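# Observations on chain architecture
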Amino acid sequence: MYLPHWLVVYETRELSGCRQSQEAQLAVLVCRLSGQAAHIRLQDVNLAPGPESLPPALDPAEAEERAAGFAGRVLLVAARGKRPRERGTMLRSEPCGYPYWVEYLARRRTVDFHAVDAVSGKKAGSAVRAAIAQGIAG
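None of these values were measured; they are calculated from a predicted model.

### Digging into the pattern of salt bridges
Two side chains bearing opposite charge may form a pair once their charged atoms approach each other closely. Evaluated as defined, the whole model comprises three salt bridges. Residue Glu-94 is joined to Arg-92 by a salt bridge in which the shortest nitrogen-to-oxygen separation is 3.0 Å. By relative accessible area, Glu-94 is classed as partly exposed at 32%. We note a salt bridge from Asp-112 to Arg-107, for which the minimum N-O separation is 3.6 Å. Where salt bridges share partners, they join Arg-107, Asp-112 and Arg-129 into one cluster.

Right, dumping it as structure tokens:
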């Protein structure tokens, strides 16, 4: 199953006084059903395109706002470490699908499911399970 997400990419610039600034990119995935934001490595982005199999609930502006907040927290944590101050500029925002394996289980009179992140192989958390349940019920 592909869950609909917004992919928001930020350029981060390390401000280090007289020295040249270093640039990097931060990709943030925002689930269009749950609104949860998560950092993802840019090299994994091409693994996630796919059809939107569930109706989106977040519009682009809301997703960018959530992604900006998440990116701001990530940059703040990085700035508290060894790195000098950093700032981020949004480069692009686009809809994408993020893949999950979903296994359905028949239990007496009900149907339950397990979900696994198809990219990392990790068990899906409660927010992802809630988004899948919302999509199935809707």
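### Describing the packing of aromatic side chains
Geometry of an aromatic ring pair is reported as the spacing of the ring centres plus the angle between the planes. Per the counting criterion, the structure on display carries one aromatic pair. One cation-aromatic arrangement involves Arg-32 over Trp-6; the distance from NZ or CZ to the ring centre is 4.2 Å. It is Arg-129 that lies over the ring of Phe-113; its NZ or CZ is 4.5 Å from the centre.

### Here we look at unusual backbone geometry
Look at Arg-108: it is not a glycine, yet its phi comes out positive at around 50 degrees. You can see Arg-108 is positioned in the loop between β4 (86–107) and β5 (110–117). Given the relative accessible area of 89%, Arg-108 is considered exposed.

### Notes on a nonpolar patch on the surface
The grouping of Met-1, Tyr-104, Val-111 and Ile-136 at the surface amounts to a nonpolar patch, some 390 Å² of accessible area in total. With respect to the helices, strands and loops of the structure, Tyr-104 is situated in strand β4.

### Some remarks on the nonpolar core
Counting residues in each nonpolar core, the largest one holds 18 residues, and the members touching the most others are Leu-3, Leu-7, Leu-29, Leu-33, Tyr-100, Val-128 and Ile-132. Those elements giving two or more residues to this core turn out to be β1 (2–14), β2 (22–31), β4, β5 and α2 (126–137). Discounting chain neighbours no more than four positions away, the residues touching Leu-29 are His-5, Trp-6, Leu-7, Gln-36, Ala-37, Ala-38, Ile-40, Cys-96 and Tyr-98. The next biggest cluster of nonpolar side chains, apart from the first, holds eleven residues, and it includes Leu-26, Val-30, Phe-70 and Ala-71.

### Description of the environment of Met-90
Looking at the element boundaries, Met-90 is found in strand β4. What makes Met-90 partly exposed here is its relative accessible area of 35%. Sequence spacing of Met-90 and Val-8 is 82 residues, and the spatial spacing of their C-alpha atoms is 7.3 Å. Ignoring sequence-local partners within four residues, the contact set of Met-90 consists of Val-8, Val-9, Tyr-10 and Glu-64.

### Brief notes about α2
One full turn of an α-helix is made of 3.6 residues, so residues set three or four places apart face in the same direction. In a regular helix each residue adds 1.5 Å, so twelve residues correspond to 16 Å; α2 covers 16 Å between its end C-alpha atoms and thus fits that length. Listed as buried for α2 are Val-128, Ala-131, Ile-132 and Gly-135. Buried positions in α2, seen along its axis, are confined to an arc of 95 degrees and lie on one side of it. Turned more than 90 degrees away from the buried face of α2, the exposed residues are Ser-126 and Ala-137.

Procedures and definitions
Residues numbered from 1 in each chain as written. Predicted model: local features only at pLDDT ≥ 70, side-chain atom pairs only at ≥ 80, totals over all residues. Heavy atoms only, no water. Salt bridge = Lys/Arg side-chain N within 4 Å of Asp/Glu carboxyl O. Buried < 20%, exposed > 50% of the residue type's maximum accessible area, 1.4 Å probe, protein only. Phe/Tyr/Trp six-rings, centres within 6.5 Å; stacked < 30°, edge-to-face > 60°. Lys NZ or Arg CZ within 6 Å of the ring centre and 35° of its normal. Helix = DSSP H or I, 4+ residues; strand = E, 2+ residues; numbered from the N terminus. Patch = residues over 30% accessible without salt bridge, like charges linked within 9 Å, V, L, I, M, F, W, Y side chains within 5 Å. Areas by Shrake-Rupley, 256 points an atom, 1.4 Å probe, with all protein chains shown as cover. Core = buried A, V, L, I, M, F, W, Y, C linked by side-chain atoms within 4.5 Å. Contact = heavy atoms within 4.5 Å. Expected span 1.5 Å × (residues − 1). Arc of directions from axis to C-beta.

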